[in-house]
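# Per-entry structural report
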Amino acid sequence: MKPLIQILGLGMSKMGFVAYKSLFCWFLLTSSLFILSWLSVLRSTGYSHSVAFSIMPNSRLLRFSESSNLDESMGKRANWDNNLGKCGANEPMLRVFMYDLPSEFHFDLLGWKGVGENDVWPDIRVKVPDYPGGLNLQHSIEYWLTLDLLSSEFAENSIGRSAVRVHNSSEADVVFVPFFSSLCYNRFSKLRPGQNRSTNVVLQEKLVKFLTAQDEWKRSGGKDHIIVAHHPNSLLEARMKLWPAIFILSDFGRYPPTIANVEKDVIAPYRHVTESYVDDSSGFDTRPTLLYFQGAIYRKDGGIIRQELYYMLKNESDVHFTFGTYQKDGARQTSNGMRSSKFCLNIAGDTPSSNRLFDAIASHCVPVIISDEIELPNEDVLDYSEFCVFVSTTDALKQGFLLNLTRNIGKEEWTRMWKRLREIKHMYEYEYPSKENDAVQMIWQAVSRKVSGIRWRIHRNRRFSRTSAYRGRAVSSGSVPRNFG
């Protein structure tokens, strides 16, 4: 009997194992079918896409086409560059509320006077006030942006537009401050007879007082405001008080990182002083000069490198490295020199940037950038290494390094960069009326890419607004001594 019982026990254990194994397999099968069916439902409904974007204000700024392939689209460089920022004539990318600041802040600085006592803006359909020439032009960015917003109200100027003016600030993505700060610094920073303070200082004080009193500023703390301060010395008195705003700058050379930085602000190209090279039929073999530089040689701060490079390169037969200015015939000489050169040196001066880079782009002369702290316009959508050569300051000062590097760039590689310069040069042109993807529209597109970050900062600051208000009422009720602080 004992062996029989053992046999029966062994048989029962095998049957239990088989049953357990069958049950486990059934569980795996049903779980797999449930997961697959659930994924199929999610994919067919597309629910996650609609939720992610429909809850966002002005969600068209963030939406990709549902049928697009992101990896494929990012890989098509040519299509991206050709269609950069297109938004359709009837669907502007960015809605901008512009303050009707008194004309003393903008067109009065150009000598314009309105017909009526309360006229704020010129009728640009009749006459556009002229901007002074020479080096004033290189920092004229606020002029072009203001003109673009004024012209956006005319139906015939809607094609290729990236921004449009709205008159209700609650409908706007950003708020534009039309203060011609660079022009104000260039022409009105010196004391005039009878003045105790310059016009430049007085207008900055008035601007701070005006902005901080506006409901639009109070709503966001200024975070959605756009202020142009392209000249490195413009807005010196006001920048420390208006720093929450987005600054449009030439570089960060004279700003502490807490006041201006690449995360918050926008770098805009200089308006080039040399003429654009139209119908350029030149080539590698028809540009005899290897390296070209003409400008101020003895500079302070990071610009000390200029004089060191001058002594290293001045005697090279295929290098043009001389002192020069844009005054008198200087702009024409520079233009001719750049057009006959393969490479144009862009060396740090008193600040990391200069308009020389954009003169080189306009002349289709491949820029050689020697400026370790430089920030470049639209670098989040443009790969500058395709049409520029970057050299660190340390390497540039090594004997023979710069010459060996440029002399070893052959005809094929240089021609590829030259062709790329011709493809993207329109992105550095300031024009009125503005054109699709020119410098003005590229600035608006750069601002639009900041909008989600602006909203994020504003929303975070509102987290404790209710409790802060309650605390304020509690303090005013007498819980703190009257002579406190």
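So, here's what we can say about the structure.

What counts, and at which threshold
- Residues numbered from 1 in each chain as written.
- Predicted model: local features only at pLDDT ≥ 70, side-chain atom pairs only at ≥ 80, totals over all residues.
- Heavy atoms only, no water.
- Helix = DSSP H or I, 4+ residues; strand = E, 2+ residues; numbered from the N terminus.
- Contact = heavy atoms within 4.5 Å.
- Areas by Shrake-Rupley, 256 points an atom, 1.4 Å probe, with all protein chains shown as cover.
- Phe/Tyr/Trp six-rings, centres within 6.5 Å; stacked < 30°, edge-to-face > 60°.
- Buried < 20%, exposed > 50% of the residue type's maximum accessible area, 1.4 Å probe, protein only.
- Lys NZ or Arg CZ within 6 Å of the ring centre and 35° of its normal.
- Pairing = 2+ DSSP bridges.
- Axes fitted to C-alpha atoms, helices over the stretch in contact; angles between N-to-C directions.
- Parallel < 35°, antiparallel > 145°, perpendicular 65-115°, else oblique.
- Nonpolar A, V, L, I, M, F, W, Y, C, P; charged D, E, K, R; others polar.
- Core = buried A, V, L, I, M, F, W, Y, C linked by side-chain atoms within 4.5 Å.
- Expected span 1.5 Å × (residues − 1).
- 1 Å grid on protein atoms, 1.4 Å probe; cavity = no way out; pocket = protein on both sides within 12 Å on 5 of 7 lines; lining within 4 Å.
- Points joined across faces, edges and corners; volume = space filled by probe spheres on them.
- Salt bridge = Lys/Arg side-chain N within 4 Å of Asp/Glu carboxyl O.
- Disulfide = S-S within 2.5 Å.

## Section: the overall build of the chain
Looking only at helices and strands, the chain features 17 helices and eleven strands. Pairs at least 24 apart in sequence give 68% of the contacts found in the chain among residues at least 6 apart. Counting only carbon and sulfur atoms, one obtains 56% of the accessible surface of the chain, whose full area is about 26,400 Å².

## Comments concerning the packing of aromatic side chains
For the structure shown, the criterion picks out 20 aromatic pairs. A ring pair is formed by Phe247 and Tyr255, whose centres lie 6.0 Å apart and whose planes are at 45°; its orientation type is tilted. We classify Phe247 as buried; its relative accessible area is 0%. Taken together, the ring pairs connect Phe107, Trp121, Tyr131, Tyr143, Trp144, Phe180 and Tyr430 into an aromatic cluster. The ring of Tyr255 carries Arg239 above its face, with NZ or CZ at 3.9 Å from the centroid. The aromatic ring of Phe284 is capped on one face by Lys342, whose charged end is 4.8 Å from the ring centroid.

## Section: the sheet that holds strand 6 (residues 266–267)
The parallel open sheet is built from six strands, whose spatial order is 2-1-3-4-5-6. Only two strands of the sheet have a single partner each, and these edge strands are strand 2 (163–166) and strand 6. Of the strand pairs in this sheet, strand 1 (residues 94–98) and strand 2 are connected by four bridges, and their pairing is parallel. Bridged to Leu94 within strand 2 is Ala163.

## Observations concerning the packing of helix 5 (residues 141–151) against helix 15 (residues 439–448)
Contact geometry for helix 5 and helix 15: axes closest at 10 Å, N-to-C directions at 85°. Considered as vectors, helix 5 and helix 15 are oriented roughly perpendicular to each other. Mapping the contact onto sequence places Ile141, Trp144, Leu145, Asp148 and Leu149 in helix 5 and Val440, Gln441, Ile443 and Trp444 in helix 15. In terms of residue class, the contact of helix 5 with helix 15 is built from seven nonpolar, one polar and one charged.

## Some remarks on the nonpolar core
Counting 70 residues, the largest nonpolar core has Phe107, Tyr143, Leu145, Phe176, Leu207, Ile248 and Trp444 as its most contacted members. The element that contributes the greatest number of residues to this core is helix 5, accounting for seven residues. Tyr310, Val319, Met417 and Met427 belong to the second-largest nonpolar core, a separate cluster that totals 43 residues.

## Remarks on the side chain of His231
Within the fold, His231 resides in the loop between strand 4 (225–228) and strand 5 (246–249). Apart from the residues lying within four places of it in its own chain, the contact partners of His231 are His139, Ser182, Tyr185 and Asn186.

## Comments concerning the sheet that holds strand 7 (residues 289–295)
In spatial order, the strands read 8-7-9-10-11; together these five strands make up an open sheet with parallel pairing. Every other strand in the sheet has two partners, leaving strand 8 (319–323) and strand 11 (389–390) as the edge strands with one partner each. When strand 10 (residues 366–370) meets strand 11, the two strands line up parallel, connected through two bridges. By the bridge assignment, Ile369 is partnered in strand 11 with Phe390. Taken strand by strand, helix 10 (residues 330–339) contacts strand 7 and strand 9 (341–347), and its axis lies near 160° from that of strand 7.

## A few points about the environment of Ala296
Tracing the backbone shows Ala296 in the loop between strand 7 and helix 9 (304–313). C-alpha separation for the pair Ala296 and Thr322, spaced 26 residues apart in sequence, amounts to 8.4 Å. Non-local contacts of Ala296, meaning those with residues more than four positions away in its chain, are made with Arg306, Phe323, Gly324 and Arg356.

## Some thoughts on helix 7 (residues 199–213)
Compared with an ideal rise of 1.5 Å per residue, which puts 15 residues at 21 Å, helix 7 spans 21 Å between its outermost C-alpha atoms and is within 8% of the ideal. The inward-facing, buried residues of helix 7 contact strand 3 (174–177), helix 6 (181–188), helix 8 (215–220) and strand 4.

## A short note on the layout of surface pockets
Considered as a void within the structure, the second largest pocket measures approximately 690 Å³ in volume. For the second largest pocket, the lining is made up of 28 residues, of which Leu135, Gln138, Arg299, Ser354 and Asn355 are closest to its centre.

## Re the pattern of salt bridges
Proximity of charged atoms lets side chains of opposite charge pair with each other. Per the counting criterion, the structure on display carries 21 salt bridges. Across the pair Asp380 and Arg449 runs a salt bridge whose closest N-O atoms are separated by 2.7 Å. With Asp380 in the loop between strand 10 and strand 11 and Arg449 in the loop between helix 15 and helix 16 (451–461), the pair connects residues that are 69 residues apart, well separated along the chain. Judged by its relative accessible area of 55%, Asp380 falls in the exposed class. Linked by salt bridges that have partners in common, Arg95, Asp173 and Arg455 make up one network.

## Examining helix 14 (residues 411–424)
Taking 1.5 Å of rise per residue, 14 residues should cover 20 Å, and helix 14 covers 20 Å from first to last C-alpha, within 8% of that figure. Every buried residue of helix 14 is accounted for by Trp414, Thr415, Met417, Trp418, Arg420, Leu421 and Ile424.

## Brief notes about the state of the cysteines
Counted according to the given criterion, the structure contains one disulfide. Disulfide pairing is shown between Cys344 and Cys365; the S-S distance is 2.2 Å. Taking the sign of the S-S torsion, about 105° here, the bridge from Cys344 to Cys365 comes out right-handed. Within this pair, whereas Cys344 is found in strand 9, its partner Cys365 is found in the loop between helix 11 (356–362) and strand 10, the two being separated by 21 residues in sequence. Side by side, Cys344 and Cys365 carry an identical accessibility label, which is buried.

## Considerations on unusual backbone geometry
The step from Tyr432 to Pro433 runs through a cis peptide bond, and the omega angle for that step is -5°. Following the sequence through the fold, Pro433 ends up in the loop between helix 14 and helix 15. Non-glycine residue Asp279 carries a positive phi angle of around 55°. Looking at where Asp279 falls in the secondary structure, it is placed in the loop between strand 6 and strand 7. Despite not being glycine, His364 shows a phi value in the positive range, around 60°.

Distances and angles like these do not, on their own, reveal function.
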